[in-house]
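# Geometric and topological summary
Next come the chains, spelled out residue by residue.
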Amino acid sequence: MKTNLRETMSAPVLSDAEQGEGAVWVGIVLGTIAAVLYSLKAVFVKLAYLPTEGIEQVPPITLMMLRLGFSFPVYLAILWWVWRRTVIKPTGQQIGLAMLAGVLAYYLCTLLDFTGLQYITAQLERLLLFTYPAFVILFGALFFGGRLTGSGIAAVALAYSGLAVVFLGGDITESSNLWLGSGLVLACAMLFALFQLIAKSFIDRIGSSLFTCLAMLGAATAIFLHFTIAALTTDGIVAAFDLPPRIYALGLTIAVFSTLLPSFFMNIAIGRIGAQKVAMLGMFGPLATIIAAILILDEPFGIWDGVGTLVTIAGIALYMLVSKSKPRQT
């Protein structure tokens, strides 16, 4: 017998066991892949920032424009396909709020992140972003009915002591403007944590695919407007697109492997196992970035970087394990 949306929304939330092991493992696998693919974005962006004949450095908003330019048609096609098959359409308010959530995560967070990467190494960027699970639980406690515990606070302190080790003695903090870049990336982590908590309620109500497409529609609108205004106030639209082929290739790579695939994988994972568990899977991100940055970017990595990274990863992992936050009922 078919059920309507109201009956579905009022039904009790199933436990992991009731959902079935398959659903849980799909969320874990997709969440892990998403974490790794997202982490490689920093390496691709740093490659795009390398000196190129004809331009000093591609602006962050131009990279964002290329990223969405290549990925947006796919989101539009999926949006059209999903919309046609959605029996009960989301309300205008739900559409608008989903788009605003996309502006928060895929425009503002990305702008902060890409700008910060101009000043700091890919490894430090990923390590700073890795602290966002702490903000997920902090904001969950402040705004979504969760709880903070003494053991959780101690675990976060351990994680940030690892960052302190890196900042005091590490090699990956070599930077043209360490504090500006670090501050921008940390702000990105905070806002992305807030997005994850917001996204869960939307995914429960309108589905991960529809939410992702609407979020990207909102982000694309903001990016297109920003890029157009920036181009018109400088050398014009044509000059803004006068880029070397390798920049276009990197833009395509970022669009496919660090945007399209992980955005759907992560939102599906959030829908299956929740924001906090997906956040914990992010521990694979710094490891993937370290390996790629050393092999591809030839970034330094000393013993104190290793010690600080391990302490930070251990602190965040411990925080997730000891957290007693109550899950939100949807």
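Anyway, here's the lowdown on the structure attached to this text. This is a predicted model, so every value here is computed, not measured.

## Notes on the packing of helix α9 (residues 178–206) against helix α10 (residues 208–232)
- Relative to each other, α9 and α10 sit at 125°, their axes nearing to 8 Å. When the axes of α9 and α10 are compared, the pair comes out oblique. Judged by the sense of rotation from one axis to the other, the crossing of α9 with α10 is right-handed. For the pair formed by α9 and α10, the contact residues are F195, A199, F202, I203 and I206 on the first element and S208, L210, F211 and L214 on the second.

## Digging into the packing of helix α5 (residues 92–116) against α10
- Relative orientation of the contacting elements α5 and α10 amounts to 55°, with a least axis distance of 6 Å. By the angle class used here, α5 and α10 are oblique. Considering only the axes of α5 and α10, their crossing is right-handed. Here α5 contributes I95, A98, M99, A101, G102, V103, Y106, Y107 and L111 to the contact with α10, which in turn contributes F211, L214, A215, M216, L217, G218, A219, A222, I223 and H226.
- The residue makeup of the contact of α5 with α10, split by class, is 16 nonpolar, 3 polar and no charged.

## A closer look at helix α12 (residues 245–273)
- Look at α12: 40 Å from first C-alpha to last across 29 residues, which is about the 42 Å you get at 1.5 Å a residue.
- Of all bends in α12, the biggest is about 35°, found at P262.
- Following α12 by one or two positions, G274 has its phi on the positive side, about 95°.

## Observations regarding unusual backbone geometry
- Although it is not a glycine, D298 adopts a positive phi angle of roughly 60°.
- Topologically, D298 is positioned in the loop between α14 (284–297) and α15 (303–322).

## Brief notes about the pattern of salt bridges
- Under the criterion given, the structure shown has 2 salt bridges.
- Taking the shortest distance from any N to any O, the salt bridge between D113 and K41 comes out at 2.5 Å. Of the two residues, D113 is situated in helix α5 and K41 in helix α3 (residues 21–49); the sequence distance between them amounts to 72 residues.
- Judged by relative accessible area, D113 falls into the buried class, the value being 1%.
- For the salt bridge of R126 with E125, the shortest nitrogen-to-oxygen distance reads 3.8 Å.

## Here we look at the packing of aromatic side chains
- Using the criterion set out here, one finds 8 aromatic pairs in the structure.
- Taken together, a centroid distance of 5.8 Å and an interplanar angle of 85° make the contact between F72 and F224 edge-to-face. Here F72, found in helix α4 (residues 60–85), pairs with F224, found in helix α10; they are 152 residues apart in sequence, far enough to count as distant.
- Residue F72 is classed as buried on the basis of its relative accessible area, which comes to 12%.
- Taken together, the ring pairs in this structure connect Y106, F192, F195, F202 and F211 into an aromatic cluster.

What counts and what doesn't
- Residues numbered from 1 in each chain as written.
- Predicted model: local features only at pLDDT ≥ 70, side-chain atom pairs only at ≥ 80, totals over all residues.
- Heavy atoms only, no water.
- Axes fitted to C-alpha atoms, helices over the stretch in contact; angles between N-to-C directions.
- Helix = DSSP H or I, 4+ residues; strand = E, 2+ residues; numbered from the N terminus.
- Parallel < 35°, antiparallel > 145°, perpendicular 65-115°, else oblique.
- Left-handed = near helix turned anticlockwise from the far one by under 90°.
- Contact = heavy atoms within 4.5 Å.
- Nonpolar A, V, L, I, M, F, W, Y, C, P; charged D, E, K, R; others polar.
- Expected span 1.5 Å × (residues − 1).
- Bend = angle between axes of the 7 residues up to and from the residue.
- Salt bridge = Lys/Arg side-chain N within 4 Å of Asp/Glu carboxyl O.
- Buried < 20%, exposed > 50% of the residue type's maximum accessible area, 1.4 Å probe, protein only.
- Phe/Tyr/Trp six-rings, centres within 6.5 Å; stacked < 30°, edge-to-face > 60°.

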